[in-house]
Amino acid sequence: MCALLAMAVGSGCAAGSGQAPVAAGATGNAGASGSAAPVHGREQGAPGSRGSSGAPEREDRKGEPAGEGGEAGSRKDEGGEGRERAGEPAAAAEAHAKRQKKAQAARAAAAKRWGLPQTPLPAPPPPAEKPRLTTRKGFEVDRHTGLPPVFTTVPTKQKVVFLTIDDGAEKDPELLRMMSELRIPYSAFLSDYVVRDDYGYFEKMRDRGVSLHNHTLTHPYLPALPYAKQQAEICGQQARMEQRFGKRPRLFRPPYGSYNRDTLRAAASCGVQAVPLWAAEAFPDHMEWREWDRDLHPGDIILTHFRGKGEWKGSMPDMIRQVMQVVTAKGYAVARLEDYV
Ligand SMILES: [Zn+2]
């Protein structure tokens with residue numbers, strides 16, 4: 001898949017670079033044109049890449065919505081803790097604090113076992129109301145109104161980030177154990193062509209409280225496809241996931257972060273509510289950043305992949321150790337994406 005795409009768009013898709021942040025917004029009017037295609041394997045905001053990538057300008061962060069108000073969809077479709085807060089905020093906060101203290105002790109022990117230099121920080125209670133999501137400036141398609149929002153950061157003032165893992169090729173049982181023991185939430189965006197040889201692995205993941213989302217059936221470069229084919233890729237994966245995992249995803253991430261108006265129309269037609277991209281990408285030995293400041297920000301979504309030692313420089317636990325070292329050292333907790341989106 002990578003090789004094919006690399007040929008198609010003339011850029012690399014080697015280990016460690018398959019889905020680097022791209023000029024997603026630029027594909028809105030790029031259509032199938034190769035020239036404005038996303039820059040595979042290159043962080044869109046990386047020094048030196050801006051001039052030639054056709055990337056949207058980066059100064060839009062300050063223009064992002066910071067509001068916390070508004071209702072964005074039903075909350076009761078997801079599991080998780082903290083739901084009692086609606087009635088008695090004080091009692092709920094106390095209960096949450098008690099649970100967190102216990103959880104944090106277990107997390108500290110697990111961090112030692114798994115070789116993390118610092119214990120991951122506990123996430124604050126989820127917001128009573130999900131923030132209102134809007135499309136990041138520069139990531140809109142024509143006539144975006146009414147289509148699912150596309151964003152790289154969730155509007156929040158809390159020092160939380162979100163961990164998302166894509167594709168599904170590597171099915172390392174250690175990852176399941178590690179994340180459960182460390183109590184680190186994450187979300188998986190699955191593409192059927194790499195998942196189908198072992199749906200059972202992802203059923204176990206789901207049973208551990210991980211939400212599974214849509215990343216197409218075969219991981220194509222969607223803007224090159226006509227509407228009907230894009231719809232078949234996205235709706236087909238919705239149906240497949242509902243059939244295999246018992247739930248129709250609400251969230252969709254286009255392969256390579258590449259989309260156009262047809263992509264969002266197709267996604268909406270099959271029940272997708274939001275399109276989370278990413279602000280940073282994690283590898284076993286480094287991070288890649290979308291922003292010029294090469295830093296985390298409240299609400300940033302972190303992308304990584306289900307990959308093994310053959311595909312990048314380490315195992316899934318190595319990757320988690322690396323990203324958690326960065327996240328914790330910068331004072332962030334990993335929160336559950338579905339509590340906010
Ligand atoms: Zn992918």
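Here's what I pulled together on the structure shown here. (Residues numbered from 1 in each chain as written. Predicted model: local features only at pLDDT ≥ 70, side-chain atom pairs only at ≥ 80, totals over all residues.)

The secondary structure content of the chain amounts to 10 helices and 9 strands. Across the 341 residues of the chain, 45% fall into the buried class. By sequence separation, contacts in the chain at least 24 residues apart represent 74% of the contacts at least 6 residues apart. (Helix = DSSP H or I, 4+ residues; strand = E, 2+ residues; numbered from the N terminus. Buried ≥ 20, exposed ≤ 12 C-beta atoms within 10 Å, placed from the backbone. Contact = placed C-beta atoms within 7 Å.)

With that settled, the discussion passes to the pairing of strand β2 (residues 160-167). In terms of burial, β2 is largely enclosed, as 8 of its 8 residues are buried. In the sheet, β2 pairs with strand β9 (residues 333-335) via 3 bridges, with the strands oriented parallel. Among the inter-strand pairings, V160 is bridged to a residue of β9, identified as A333. Note: β2 against strand β8 (residues 301-305), 5 bridges, orientation parallel. Bridge pairing links I165 to T304 in β8. As defined by bridge partners, β2 adjoins strand β3 (residues 187-190) across 4 bridges and the pair is classed as parallel. (Pairing = 2+ DSSP bridges.)

Right, let's get into the pairing of β3. Neither face of β3 is left uncovered, since the one carrying S187 and F189 and the one carrying A188 and L190 both have all their residues buried. Viewed along the sheet, the connection from β2 through helix α4 (residues 173-182) into β3 turns out right-handed. Where β3 lies against strand β4 (residues 211-214), 4 bridges are found, and the strand directions are parallel. Pairing of A188 across the sheet is with L212, part of β4. (Right-handed = clockwise from strand over helix to strand, strands pointing away.)

A few words on unusual backbone geometry. Residues other than glycine seldom take positive phi values, yet T216 does so here, at roughly 75°. Exposure remark for T216: the 24 C-beta atoms within 10 Å place this residue in the buried category. Positive phi outside glycine occurs at Y256, with the angle close to 65°. Mapped onto the elements, Y256 comes out in the loop between α7 (227-245) and α8 (261-269).

It is worth spelling out the nonpolar core at this point. One finds V161, F162, A188, V275, I301, I302 and V334 to be the most contacted residues of the largest nonpolar core, which totals 66 residues. When residues of this core are assigned to their parent elements, the largest contribution, 6 residues, is made by helix α9 (residues 316-329). (Core = buried A, V, L, I, M, F, W, Y, C linked by C-beta atoms within 7 Å.)

The next thing to look at is the environment of F202. Mapped onto the elements of the fold, F202 is located in helix α6 (residues 199-207). Of the residues examined, F202 has 21 C-beta atoms within 10 Å and is grouped as buried. Along the backbone, F202 and R244 are 42 residues apart, and their C-alpha atoms lie at a distance of 9.4 Å. In contact with F202, other than residues within four places in its own chain, are G168, A188, L190, V195, L212 and F245.

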